[in-house]
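# Residue-level structure breakdown
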Amino acid sequence: MKDKKLKVGILFGGKSAEHEVSLQSAKNVADAIDKDKYDVALIGIDKSGRWLLPNQSEFLINATDPKLVKLNKDNEKSVALVPQSGGELTDLSMGGTHSSIDVVFPILHGPFGEDGTVQGLLKLAGVPFVGAGILGSAVGMDKDVMKRLLRDAGIPIAKFLVFRHGDLLDLQSISDEIGLPFFVKPANMGSSVGVRKVTNQETFDQAVQDAFNYDTKILIEEFVDGRELECSVLGNQKPIASVVGEIVSTHEFYSYEAKYIDEHGAALEIPADLPDAVSQRVQELALQTFQTLECEGLGRVDCFLRRDGTVIVNEINTIPGFTKISMYPRLWEASGVVYSELINRLVELAIERFDREQKLKTSF
Ligand SMILES: Nc1ncnc2c1ncn2[C@@H]1O[C@H](COP(=O)(O)OP(=O)(O)O)[C@@H](O)[C@H]1O
Ligand SMILES: [Mg+2]
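Predicted model, so just to flag it, every value in this text is computed and none were measured. (Residues numbered from 1 in each chain as written. Chains lettered and ligands numbered in written order. Predicted model: local features only at pLDDT ≥ 70, side-chain atom pairs only at ≥ 80, totals over all residues.)

Strand order in the open sheet formed by five strands is 15-14-13-16-17, with antiparallel pairing between adjacent strands. At either end of the open sheet lies a strand with only one pairing partner, and these are strand 15 (266–269) and strand 17 (311–317). In this sheet, neighbouring strand axes are inclined to one another by 30° on average, regardless of whether the strands run parallel or antiparallel. Bridge analysis of strand 13 (residues 226–235) against strand 16 (residues 297–306) gives ten bridges, and the strand direction is antiparallel. The residue of strand 16 that forms the bridge with Gly226 is Arg306. (Pairing = 2+ DSSP bridges. Helix = DSSP H or I, 4+ residues; strand = E, 2+ residues; numbered from the N terminus. Axes fitted to C-alpha atoms, helices over the stretch in contact; angles between N-to-C directions.)

Here it is as structure tokens:
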């Protein structure tokens, strides 16, 4: 007899500047997931943070346009996941419950999704979920804490300074310390939102003001002149690294526009044209980064290759862009793991972690 299909809840959208990116990743996963193995429940989070069960067949408006794509709120049902529900969704409009979710695949980028908040909720609900747990998600999201942990593990990174809202920031003393130009970014964000290159007082003032729009803590980082290399990591306790890819941006840097708006903003070179020793170094650093930051499931580790041939780590993304044409799945495809197989493996890893954690004692 055939096993009962697992129900995968794809949790997407969210209260973040990366809402639109998430909508497109969710559509791609819903389309590609193995329907013989899994049933799918699409759970959309709107920009105010409400959880909705949208119309399952037409859950997006303007699905193919990154600028206009929107969650379709016709016939939506408002739902919630409560502690110990084991994945059962409570219907907030009608009362009662909807069929239970067996595994959640959160495809939420940035704060309120990639940062441990949703992971905490899923853990309280008692449902397996794809990707890093609470700790890995939280440290992966906070560039300051992430970089301090990497530095502590001896992983090479760029020099950076941290400032909090209300601190006095002086261009001269900052550039004395890390040179000019430099980069300013919010500590907790992604998709290059709030990231700017500073070359003078005017761009400095704008960059600082903009970064503080997104977080109360910002990073100021030395400018790294080099190539941008990315490596996908997959696994729990014994992760593996994909081939290495390169981002070749046509903009001044890999900005939000270059990532999502401008069709010609960036090319993905897969695999990157690199000496073997450099690829191996990137893979090694990617695995070390993933483990140092307590990640599980998946992560995309982004590095810079400096002109002198050394590699440094820029960041990890614990829920990387997951559209079919995104770097994370494409690197796996080039490494022999096609998109639908990648989804299978991620779901299996989620269940493996959940079962492992279930075996732990919760009382003495
Ligand atoms: N220190 C740096 N030197 C040079 N370019 C940088 C630096 N930091 C960021 N960038 C550029 O800005 C982009 C976004 O910055 P990143 O730190 O990756 O933030 P995000 O989490 O938003 O992707 C990078 O892909 C790169 O193009
Ligand atoms: Mg980045």
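Strand order across the open sheet formed by six strands is 7-6-3-2-1-8, with mixed pairing between neighbours. Of all strands in the sheet, those bounded by a partner on one side alone are strand 7 (89–91) and strand 8 (103–107). Taking each pair of neighbouring strands and ignoring which way they run, the sheet shows an average axis angle of 40°. Pairing geometry for strand 6 (residues 77–81) and strand 7, over three bridges, is antiparallel. Bridge pairing in strand 7 places Val79 opposite Asp91. Sheet contacts for helix 1 (residues 19–32): strand 1 (6–13), strand 2 (38–45) and strand 8; angle to strand 1, the most-contacted strand, approximately 155°. (Contact = placed C-beta atoms within 7 Å.)

With that out of the way, let us pick up the nonpolar core. Of all hydrophobic cores here, the largest spans 77 residues; its most connected members are Ile10, Leu11, Phe105 and Ile107. Both domains that meet at this core, namely domain 1 (6–129) and domain 2 (140–156 + 225–355), each give it at least three residues. Residue contacts for Leu11: discarding those within four places in its chain leaves Ile43, Ile45, Val104, Phe105, Pro106, Ile107, Leu108 and Val118. (Core = buried A, V, L, I, M, F, W, Y, C linked by C-beta atoms within 7 Å. Buried ≥ 20, exposed ≤ 12 C-beta atoms within 10 Å, placed from the backbone. Domains from an automatic or database assignment.)

So yeah, pure geometry; function would need other evidence.
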